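Listed below are the residues making up each chain.
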Number of protein chains: 2
Amino acid sequence: MPDNELLHFEDFAVGESRDFGRYVVTAKEIKDFAQEFDPQPFHLDEEAGKKSILGGLCASGWHTGAILMHMMVDGYLGRSASLGSPGLDELKWLKPVYPDETLTARFTVLAKRRSTKTPEMGIITMLWEVFSTGGEKKMEVMGVNLVRLRQP
Amino acid sequence: MPDNELLHFEDFAVGESRDFGRYVVTAKEIKDFAQEFDPQPFHLDEEAGKKSILGGLCASGWHTGAILMHMMVDGYLGRSASLGSPGLDELKWLKPVYPDETLTARFTVLAKRRSTKTPEMGIITMLWEVFSTGGEKKMEVMGVNLVRLRQP
């Protein structure tokens, strides 16, 4: 994609909110991710999930975060002049993510500023929220997208 | 594992620190994870990584987090009466994780208290740090492990 068609720092406005993404996570994907990264019983087995306080087989929180990341890259970051991220803040896993739920996401631009050290870099503080199609909020997290300036 | 052999809330002491885990992440694993969850050029391609501010092909931050989770389950959580986690705070991706680096982790117990709503549940606030074997700190994050009490 030509650079001038990419979203740059200037294209995000403080207060702006946008819905993006759609992701259905299957029981197999939940178990495969858990097997590799988070092999706790409630992420591996339906019966163990039912017996746990989570109420059923559900995705690892890191899986839900990775799914948010997927929706972000698909939804706007993949066509932006993204430079990465230094971190996150106040990540809340509010409700378990169960198999075959359809997830969507929303970002809200909380703040933005130019980097003082790196003139071509913009620092955008975002709130991201993940919902099920039923409207239940599953996860929310604040964090930073580093995005290049169009005109440093 | 019999319940009395599991680590319970009572077995974690505030101020306690423990090293755990060992994980080598390959270029293939970095690219596979990125393909599925974080397909940004610097997580998919060596040349794109070199051209980016990250200095080379490097793991998605969500991948590094998932690797920490793997080391946690392997290192102590898998033989504990774990009940899950409600969230994280102040997650910092301090340095890029490159292929074939050996990662290790450390937890420090920052605080602990019994749940007021759920008498059998303990809430342990942890600091987790991820290092390369060269001693460089790659990531740090605070968060909560919910762990069952031995004697509610």
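Going by the structure above, here's the rest.
Residues numbered from 1 in each chain as written. Chains lettered and ligands numbered in written order. Predicted model: local features only at pLDDT ≥ 70, side-chain atom pairs only at ≥ 80, totals over all residues. Heavy atoms only, no water.

## Side note on the side chain of B:S115
Residue and element names in this part refer to chain B.
- Considering the arrangement of structural elements, one finds S115 in the loop between β4 (102-114) and β5 (121-132).
- From its side chain, S115 meets the backbone nitrogen of K117 in a polar contact 3.2 Å long.
- Excluding its chain neighbours within four sequence positions, the residues that come into contact with S115 are M121 and I123. (Helix = DSSP H or I, 4+ residues; strand = E, 2+ residues; numbered from the N terminus. Polar contact = N/O pair within 3.5 Å; in protein donor to acceptor, adjacent residues only side chain to side chain. Contact = heavy atoms within 4.5 Å.)

## With respect to the packing of helix α1 (residues 27-37) of chain A against helix α4 (residues 61-75) of chain B
- Axis separation between α1(A) and α4(B) bottoms out at 8 Å; the angle between their running directions is 65°. Classified by the angle their axes make, α1(A) and α4(B) are roughly perpendicular. For the pair α1(A) and α4(B), the contacting residues are A:F33, A:E36 and A:F37 in the first and B:H63, B:A66, B:I67, B:M69 and B:H70 in the second. (Axes fitted to C-alpha atoms, helices over the stretch in contact; angles between N-to-C directions. Parallel < 35°, antiparallel > 145°, perpendicular 65-115°, else oblique.)

## A look at the pairing of strand β4 (residues 102-114) of chain A
All names here are of chain A.
- For strand β1 (residues 17-24) and β4, the ladder comprises 6 bridges, and the chain directions are antiparallel. Pairing of Y23 across the sheet is with L103, part of β4.
- Where β4 and strand β5 (residues 121-132) come together, 11 bridges link them in antiparallel fashion. Within β5, the residue paired with L103 across the bridge is S132.
- Linking β4 back to β5 in an antiparallel pair, the connection comprises 6 residues. (Pairing = 2+ DSSP bridges.)

## What about the environment of B:P96?
- Within the element layout of this structure, B:P96 appears in the loop between β3 (87-93) and β4.
- Discounting chain neighbours no more than four positions away, the residues touching B:P96 are B:L54, B:C58, B:E101 and B:K138.

## Description of the interface of chain A and chain B
- Opposite the 32 residues of chain A that make contact, chain B presents 32 residues.
- Interface of chain A and chain B: buried area, both sides summed, is about 2900 Å²; carbon and sulfur atoms make up 67% of it.
- Applying the counting criterion to the chain A and chain B interface returns 0 salt bridges.
- Counting across the interface, chain A meets chain B through 12 residue pairs in polar contact (both at pLDDT 80 or more).
- Elements supplying a minimum of two residues to the side of chain A that touches chain B: α1, α4 (61-75), β2 (82-84) and β3 (87-93) of chain A.
- Looking at the side of chain A that touches chain B element by element, the count peaks at 8 residues for α4(A).
- Per-class residue counts for the side of chain A that touches chain B are 19 nonpolar, 8 polar and 5 charged. (Buried area = accessible area lost by both parts, 1.4 Å probe. Salt bridge = Lys/Arg side-chain N within 4 Å of Asp/Glu carboxyl O. Nonpolar A, V, L, I, M, F, W, Y, C, P; charged D, E, K, R; others polar.)

## A word on the environment of A:P39
- Note on placement: A:P39 falls in the loop between α1 and α2 (41-44).
- Measuring from C-alpha to C-alpha, the distance between A:P39 and A:I123 comes to 35 Å, with 84 residues separating the pair along the chain.
- The residues touching A:P39, leaving out its near neighbours within four places in the chain, are A:A34, A:L44 and B:V73.

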